[in-house]
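Observations on chain architecture
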Amino acid sequence: MSSVRDGSLLRRLSGWYFSKRVLPYWALIMLDVLIVFLSCLFTYWLSNRSAVMYENHVAVFYDALYIAALSLVGARIFKTYSGVVRYSSFVDLLKVAQANIVTLALAVVSYYIFRYLDVESLWAMSPMELLAAAGIGTLAMWGVRVMVKLLYDSVNYDSKAMRALIYGALTGGIGVAKSIRSQEPKQFDLRGFITHERRIRDMQLMGVPVYTLDQDLAEIIRKRRIQAILVSPLRVNEFRENQKIQDIAIAAGCKIFMGQQAREASIRNGELSEEEVSNMQMHEVSVEDLLPRSQIRVDLKSVGEQLEGKRVMITGSAGSIGLEIVRQVAAFKPASMMLIDQAETPQHDLRLMMAREFPDVPAQTVVTSVDRRTRMQYIFESYRPEYVFHAAAYKHVPMMEDNPSEAVLDNIQGTRILADLSVKYGVKKFVMISTDKAVNPPT
């Protein structure tokens, strides 16, 4: 219970700190100066131990104070105080190191000046101790900045943020990663990169793993519970052409995000400037946006005008595609519908659905196979369909490979029978749902 209270108190305190401007630039300067001062004292004690330090405590104290004052020069040159600590990056850490190198150089110059003036008693620290103090001070300043950043990230972690992978690494992907990590509130929780670069496979970028396209991405997405794929603005065209990864993402229920400017640039084959990339706002895209062509829109009004009041035949009516065709055609109020399928129970369910949802549309449900020429000729002759939607076909390829004769009879012979009868009895339009299917294609 005590640890829970302590954690809650820490969260409240850090939340208060990060919600206020409680660390102005002068406070950060003073903190760095204090670190330099303490680093000098610690280094001298570590090198000479207590007795020697006690004997020279006055000189050591003034040395540390003098060097701490010198650190203001480096801080002013490289503006180590100008960044916001909670957003510290590699650039900020590099500035700290450069500022401390300037401080070290000034301190070493001062050491030799004191020796030249023959007042060595006023200077206690050797050049090697100055170098060690600079190293310790730099590490301490880095540690403070990294600790504050980690604390800020943990306090502001949003459990509602979507776990995401970035498609494309290195320049474009890293830019996207930096952008989403600086968002407030956070929309995405970065869990990895997907890249074409095999040389960086199994490595890490920005603390998350890098995956390549030849790995089992479906399993990775499942194990890491990925919810979103963010497309690097420099990889948009490649993503649009990669049907495999699109299918994997969609099948896993992942949302796909890309920058609006990137999508438009990919469509017009234009280039993105660095400023556009850095300021890119990610937006969810639909499946239609991923098509390498313009979306085909169906003129439902004209379709309705053709089917309204007409006699319509639908084969394979109880199948997944046929059932949807039945629903959409019935909504256009045809004069009557002839629904044909060889599956008895699904046909019975279809019959009940029509009576429940489309009671005003006369519908006959027939159980038969389309490869029975005599039966199909009788249906055509008696019903006289004006429109035929042919969706009857065996579609489970591995099973049909074990039953090739049945596949030929239904998919090939049945289609030919329907096509011949449609010509014979003057069908206005014959719409065939493709019965071919590519399984494990070579490319």
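Relevant structure appears above.
Here the structure is a predicted model, which means the values were calculated and not measured.

Some details on a nonpolar patch on the surface
Nonpolar side chains collect at one region of the surface, where Tyr25, Trp26, Met30 and Leu72 lie side by side and expose about 460 Å² of accessible area between them. If one sorts the elements of the nonpolar patch by residue count, helix H2 (residues 25–55) sits on top with 3 residues. Relative to the helices and strands, methionine 30 is located in helix H2.

Some remarks on the packing of helix H13 (residues 320–330) against helix H14 (residues 344–357)
Remark: H13 packs on H14, axes separated minimally by 12 Å, with the N-to-C direction vectors making an angle of 20 degrees. With respect to H14, the element H13 is oriented roughly parallel. When the axes of H13 and H14 are compared, the crossing they make is right-handed. Residue-level contacts link Leu323, Val326, Arg327 and Ala330 of H13 to Leu350, Met353, Met354 and Glu357 of H14.

Digging into helix H4 (residues 90–116)
Taking 1.5 Å as the rise per residue, H4 with 27 residues should run 39 Å; its terminal C-alpha atoms sit 39 Å apart, in good agreement. For H4, every residue scored as buried is listed here: Asp92, Leu93, Val96, Ala97, Ala99, Asn100, Thr103, Leu104, Ala107, Ser110 and Tyr111. Count one or two residues on from H4 and you reach aspartate 118, which has phi positive near 60 degrees.

A closer look at the pattern of salt bridges
In the structure shown here, the tally under the stated rule is 9 salt bridges. Here arginine 145 makes a salt bridge to aspartate 32, at a shortest N to O gap of 2.9 Å. One end of the pair, arginine 145, is in helix H5 (residues 127–155); the other, aspartate 32, is in helix H2, with 113 residues separating them in the sequence. Judged by relative accessible area, which is 3%, arginine 145 ranks as buried. It is possible to trace a salt-bridge network through shared partners that takes in Arg311, Glu386 and Lys428.

A short note on the pairing of strand E5 (residues 228–231)
The side chains of a regular strand alternate, first on one face of the sheet and then on the other. A two-sided burial pattern is seen for E5, the buried positions comprising Ala228 and Leu230 on one face and Ile229 and Val231 on the other. The pairing of strand E1 (residues 162–167) with E5 spans 4 bridges and is parallel. The partner of tyrosine 167 across the bridge, within E5, is valine 231. Here 3 bridges tie E5 to strand E6 (residues 255–259), and the two strands are oriented parallel to one another. Across the sheet, the residue bridging to leucine 230 is phenylalanine 257, located in E6.

Concerning the sheet that holds strand E4 (residues 208–212)
The strand order E3-E4-E2-E1-E5-E6-E7 describes an open sheet built from 7 strands, whose pairing is mixed. Each having just a single partner strand, strand E3 (204–205) and strand E7 (282–284) make up the two edges of the open sheet. Pairing of E6 with E7, which is carried by 3 bridges, proceeds in the antiparallel orientation. Bridge pairing links phenylalanine 257 to glutamate 284 in E7.

What about the nonpolar core?
Ranked by internal contacts, the top residues of the largest apolar core, which has 27 residues, are Val36, Cys40, Leu41, Ile67, Trp123, Met125 and Leu130. If you tally residues by element for this core, the top one is H2, at 10 residues. Excluding residues that lie within four positions of it along the chain, leucine 130 makes contacts with Ile67, Leu104, Ala107, Val108, Tyr111, Trp123 and Met125. In terms of nonpolar packing, the next biggest core, distinct from the first, is built from 19 residues, Leu165, Tyr211, Ile229 and Cys254 among them.

Examining the packing of aromatic side chains
In this structure the tally under the stated criterion is 7 aromatic pairs. Considering the side-chain rings of phenylalanine 61 and tyrosine 62, the 5.7 Å spacing of their centres and the 80 degrees angle between planes classify their relative orientation as edge-to-face. Residues phenylalanine 380 and tyrosine 425 carry aromatic rings whose centres are separated by 6.2 Å and whose planes lie at 35 degrees to one another, so their mutual orientation is tilted. Here phenylalanine 380, found in helix H15 (residues 373–383), pairs with tyrosine 425, found in the loop between helix H17 (404–424) and strand E12 (429–432); they are 45 residues apart in sequence, far enough to count as distant. Just as phenylalanine 380 is buried, tyrosine 425 falls in that class too. What links up through ring pairs into an aromatic cluster is the set Phe37, Phe61 and Tyr62.

Here we look at the sheet that holds strand E11 (residues 387–390)
Here we have 5 strands laid out as an open sheet, ordered E10-E9-E8-E11-E12, and parallel in their pairing. One side of each edge strand has no neighbouring strand; the edge strands of this open sheet are strand E10 (363–367) and E12. Taking the axes of each pair of neighbouring strands and ignoring which way they run, one obtains an average angle of 15 degrees across the sheet. The sheet contact formed by strand E8 (residues 311–315) and E11 spans 4 bridges and is parallel. Residue pairing in the sheet places threonine 315 in a bridge with histidine 390 of E11.

Side note on the packing of H15 against H17
Packing of H15 against H17 leaves a shortest axis separation of 10 Å and a crossing angle of 30 degrees. Classed by the angle they form, the pair H15 and H17 counts as roughly parallel. Relative to H17, the crossing made by H15 is right-handed. In this structure, H15 uses Arg373, Met376, Gln377 and Phe380 to contact H17, whose residues at the interface are Gln413, Ile417, Leu418, Leu421, Ser422 and Lys424. Partitioned by chemical class, the residues of the contact of H15 with H17 number 5 nonpolar, 3 polar and 2 charged.

A look at the side chain of threonine 415
Looking at the element boundaries, threonine 415 is found in helix H17. Ignoring sequence-local partners within four residues, the contact set of threonine 415 consists of His390, Asp410 and Met432.

Reading the values: rules and limits
Residues numbered from 1 in each chain as written. Predicted model: local features only at pLDDT ≥ 70, side-chain atom pairs only at ≥ 80, totals over all residues. Heavy atoms only, no water. Patch = residues over 30% accessible without salt bridge, like charges linked within 9 Å, V, L, I, M, F, W, Y side chains within 5 Å. Areas by Shrake-Rupley, 256 points an atom, 1.4 Å probe, with all protein chains shown as cover. Salt bridge = Lys/Arg side-chain N within 4 Å of Asp/Glu carboxyl O. Helix = DSSP H or I, 4+ residues; strand = E, 2+ residues; numbered from the N terminus. Axes fitted to C-alpha atoms, helices over the stretch in contact; angles between N-to-C directions. Parallel < 35°, antiparallel > 145°, perpendicular 65-115°, else oblique. Left-handed = near helix turned anticlockwise from the far one by under 90°. Contact = heavy atoms within 4.5 Å. Expected span 1.5 Å × (residues − 1). Buried < 20%, exposed > 50% of the residue type's maximum accessible area, 1.4 Å probe, protein only. Pairing = 2+ DSSP bridges. Core = buried A, V, L, I, M, F, W, Y, C linked by side-chain atoms within 4.5 Å. Phe/Tyr/Trp six-rings, centres within 6.5 Å; stacked < 30°, edge-to-face > 60°. Nonpolar A, V, L, I, M, F, W, Y, C, P; charged D, E, K, R; others polar.

In short, shape yes, function no, at least from these values alone.
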